[in-house]
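Examination of the molecular architecture
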Amino acid sequence: MDQTLAIIKPDAASRALTGKIVSRIESNGLKIIAMKLIHMSKDQAEDFYIEHKERPFFDSLTDYMASGPCYVIVLEGEKAQLQWRDAMGATNPVDAADGTIRKDFGQSLEQNSVHGSDSPSSAAREIAFFFSELEIM
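The sections below set out a description of the structure shown in this document. (Residues numbered from 1 in each chain as written. Predicted model: local features only at pLDDT ≥ 70, side-chain atom pairs only at ≥ 80, totals over all residues. Heavy atoms only, no water.)

Remarks on the layout of surface pockets
Volume-wise, the largest pocket comes out at about 460 Å³. If you trace the largest pocket, you find 18 residues lining it, with Tyr49, His52, Phe57, Leu61 and Thr91 closest to the centre. Contributions of two or more residues to the lining of the largest pocket are made by β4 (114-116) and α7 (120-130). For the lining of the largest pocket, the class distribution of residues is four nonpolar, seven polar and seven charged. (1 Å grid on protein atoms, 1.4 Å probe; cavity = no way out; pocket = protein on both sides within 12 Å on 5 of 7 lines; lining within 4 Å. Points joined across faces, edges and corners; volume = space filled by probe spheres on them. Helix = DSSP H or I, 4+ residues; strand = E, 2+ residues; numbered from the N terminus. Nonpolar A, V, L, I, M, F, W, Y, C, P; charged D, E, K, R; others polar.)

Laid out in structure tokens, this is it:
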């Protein structure tokens, strides 16, 4: 079984969409094996999104991710990363397919409700960033 990281971002958490998103996760055949509510500091958000440091949106993204609580989740399933990315939809909600999380709940390119690891190596790094082995069931 593969694992990937999902984040229910501050915009979705503040709009009480967590239950709806968790339902989508489970209905897509993915199993939640770890989940916690956190409020990232600006420094934590910068460390997490370090690969985007040179991009023009880095400060805005990290400010946004530190703006409120979010849920970090470890998902497990066959081709978990691919399944989760398909369920999320395109990064920009305007471009996302009908029925995807970002199309249904995203408000903008930045406030697109969810995050998902983009590669197996990113998934491993991102899971380890938020969870110890003892926290993963």
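Considering the sheet that holds strand β3 (residues 70-77)
Taking strand neighbours across the sheet as the criterion, the four strands line up as β2-β3-β1-β4 in an open arrangement whose pairing is antiparallel. At either margin of the open sheet sits one strand with a lone partner, and together these are β2 (31-38) and β4. Here the average twist between neighbouring strands, direction ignored, is 20 degrees. Bridging between strand β1 (residues 2-8) and β3 involves seven bridges; their strand directions are antiparallel. When the sheet's bridge partners are listed, Asp2 is paired in β3 with Gly77. Along the sheet, helix α2 (residues 18-27) makes contact with β1, β2, β3 and β4, crossing β2 at roughly 160 degrees. (Pairing = 2+ DSSP bridges. Axes fitted to C-alpha atoms, helices over the stretch in contact; angles between N-to-C directions. Contact = heavy atoms within 4.5 Å.)

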